[in-house]
Amino acid sequence: MPAKSAALRTMLRRLRAHPLGLVGLLLLLLLTGFCFLGPYIYHTDQTYVSLADAALPPTSEHPLGTDANGFDALGRLMKGGQVSLQIGLLAAVTATVIGTLYGTIAGLAKGFLDGAMMRLVDILLSVPFLLVVLILSARFTASAVSLGLIIGAFSWLVPARLVRGEVLSLRVREFVLAARVMGASRPRLILTHLVPNALGVIIVNITFQVADAILIVATLGFLGFGLSYPSTDWGGQLSDGATYIADGYWWLVYPVGACIILTVLALNLLGEALREMFARQTN
């Protein structure tokens with residue numbers, strides 16, 4: 001535990017040298033707290049429709065008004081944020097685990113196997129990813145877990161390439177050669193020597209994966225292929241609000257749009273800072 005605390009303090013200290021990265025981290029913490037802690041402070045009913053309270057403008061009782069179903073828009077924003085962040089994190093973890101294992105095996109294998117595995121990655125990268133996800137979402141009932149797994153299952157290609165490139169440089173290092181001489185098996189090389197030393201690339205990639213997944217979820221929701229009642233996400237809320245934008249219901253569009261933009265911006269700022277930090281560390 002003390003070692004983990006020391007590593008965390010070291011990372012935060014290094015992050016202070018990247019003001020934009022620190023801004024991204026603080027912004028991400030604020031948005032996460034807003035989505036997950038906010039409902040404990042600001043209680044709303046997000047289950048039962050109340051058409052009598054539909055499309056009310058912002059008031060003291062409803063700071064961001066209500067939507068077309070009478071749900072409090074601020075509470076809806078928090079609930080949608082929870083789902084969007086959970087899907088983004090699940091998709092990022094799924095893609096990172098698959099891509100890390102695949103890329104490590106390919107980079108360690110060399111020769112024909114490496115070439116065949118990477119040609120498969122090239123072929124899959126040529127497939128329109130969003131089209132596949134749209135088809136699957138239309139075919140099966142979308143849920144937070146299924147969306148996260150589907151997005152993650154089709155997002156591992158970039159992490160695989162990144163990790164393979166890192167492994168190609170690590171496999172000729174002295175500690176890997178020494179482990180091979182000592183008779184270390186391939187699973188041991190992967191789990192003990194290669195993956196831990198590629199953590200910098202993996203951690204940086206996770207931040208961008210979460211941002212990409214949130215944008216994909218928002219796109220699916222906006223196109224009408226996202227989650228259905230009683231679940232909600234930011235993309236679905238943005239799609240519903242856009243229907244009434246001509247009527248002047250700005251509170252159904254701008255707040256949720258700002259949340260999507262700020263979340264993706266925060267993750268990208270944090271990811272760029274981490275990438276620079278790990279790059280300086282290795283140089």
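Overview of the structure. All figures in this text were calculated on a predicted structure; none of them were measured in a lab.

A cluster of nonpolar side chains, Leu-89, Val-93, Val-97, Leu-101, Ile-105 and Leu-191, forms an exposed patch at the surface whose accessible area comes to about 530 Å². Here the nonpolar patch takes 5 residues from helix 4 (residues 73-109), the largest share from any one element. Looking at the element boundaries, Ile-105 is found in helix 4. On the accessibility criterion, Ile-105 (40% relative accessible area) is partly exposed.

With that out of the way, let us pick up the pattern of salt bridges. Per the stated rule, a full pass over the model turns up 4 salt bridges. For Asp-122, the salt bridge identified is with Arg-119, shortest N-O distance 3.0 Å. Pair noted here: Asp-122 and Arg-119 are both in helix 5 (residues 111-125), with a separation of 3 residues, about one helical turn. Judged by its relative accessible area of 24%, Asp-122 is partly exposed. One salt bridge in this structure joins Asp-122 and Arg-161, with 2.3 Å as the shortest N-O distance. Here the residue Asp-122 occupies a position in helix 5, and Arg-161 occupies one in helix 8 (residues 157-170), the gap between them amounting to 39 residues.

We now examine the packing of aromatic side chains. Taken as a whole and assessed by the stated rule, the structure comprises 4 aromatic pairs. Aromatic pair Tyr-102 and Trp-156: ring centres 4.8 Å apart, planes at 55 degrees, arrangement tilted. Highlighted residues: Tyr-102 in helix 4 and Trp-156 in the loop between helix 7 (144-153) and helix 8, separated in sequence by 54 residues. For the pair Tyr-102 and Trp-156, one class covers both residues: buried. An aromatic cluster of at least three residues, connected via ring pairs, comprises Tyr-244, Tyr-249, Trp-250 and Trp-251. The aromatic ring of Phe-71 is capped on one face by Arg-76, whose charged end is 4.3 Å from the ring centroid.

Let us now look at the environment of Ala-266. Assignment of secondary structure puts Ala-266 in helix 13 (residues 254-282). Along the chain, Ala-266 and Pro-39 lie 227 residues apart, while their C-alpha atoms are 22 Å from each other. Discounting residues that sit within four places of it in the chain, Ala-266 has contacts with Gly-24, Leu-27 and Leu-28.

Tallying each qualifying case throughout the model produces 0 disulfides. The thiol of Cys-35 is unpaired, and the distance to the nearest cysteine sulfur, on Cys-259, comes to 6.4 Å. Relative accessible area serves as the criterion here: at 0%, Cys-35 is assigned to the buried category. Classification of Cys-259 by relative accessible area gives buried; the value is 9%.

Packing of helix 9 (residues 174-181) against helix 10 (residues 186-197) brings their axes to within 11 Å, and their N-to-C directions diverge by 180 degrees. The angle between helix 9 and helix 10 falls in the class roughly antiparallel. Across the interface between the two elements, Phe-175, Val-176, Ala-179 and Arg-180 of helix 9 pack against Leu-189, His-193, Leu-194 and Asn-197 of helix 10.

On to the nonpolar core, then. Residues Leu-77, Ile-214, Trp-234, Leu-267 and Leu-274 are the most contacted members of the largest nonpolar core, which totals 31 residues. Sorting the residues of this core by element identifies helix 2 (19-36), helix 4, helix 11 (199-222) and helix 13 as the ones contributing at least two each. With 10 residues, the single largest contributor to this core is helix 13. Apart from the residues within four sequence positions on either side, Leu-77 is in contact with Phe-34, Leu-64, Trp-234, Gln-237, Pro-255, Val-256 and Cys-259. Formed by 14 residues, the second largest nonpolar core is a distinct cluster that contains Ala-142, Leu-147, Ile-151 and Leu-220.

Cut-off values and rules
Residues numbered from 1 in each chain as written. Predicted model: local features only at pLDDT ≥ 70, side-chain atom pairs only at ≥ 80, totals over all residues. Heavy atoms only, no water. Patch = residues over 30% accessible without salt bridge, like charges linked within 9 Å, V, L, I, M, F, W, Y side chains within 5 Å. Areas by Shrake-Rupley, 256 points an atom, 1.4 Å probe, with all protein chains shown as cover. Salt bridge = Lys/Arg side-chain N within 4 Å of Asp/Glu carboxyl O. Helix = DSSP H or I, 4+ residues; strand = E, 2+ residues; numbered from the N terminus. Buried < 20%, exposed > 50% of the residue type's maximum accessible area, 1.4 Å probe, protein only. Phe/Tyr/Trp six-rings, centres within 6.5 Å; stacked < 30°, edge-to-face > 60°. Lys NZ or Arg CZ within 6 Å of the ring centre and 35° of its normal. Contact = heavy atoms within 4.5 Å. Disulfide = S-S within 2.5 Å. Axes fitted to C-alpha atoms, helices over the stretch in contact; angles between N-to-C directions. Parallel < 35°, antiparallel > 145°, perpendicular 65-115°, else oblique. Core = buried A, V, L, I, M, F, W, Y, C linked by side-chain atoms within 4.5 Å.

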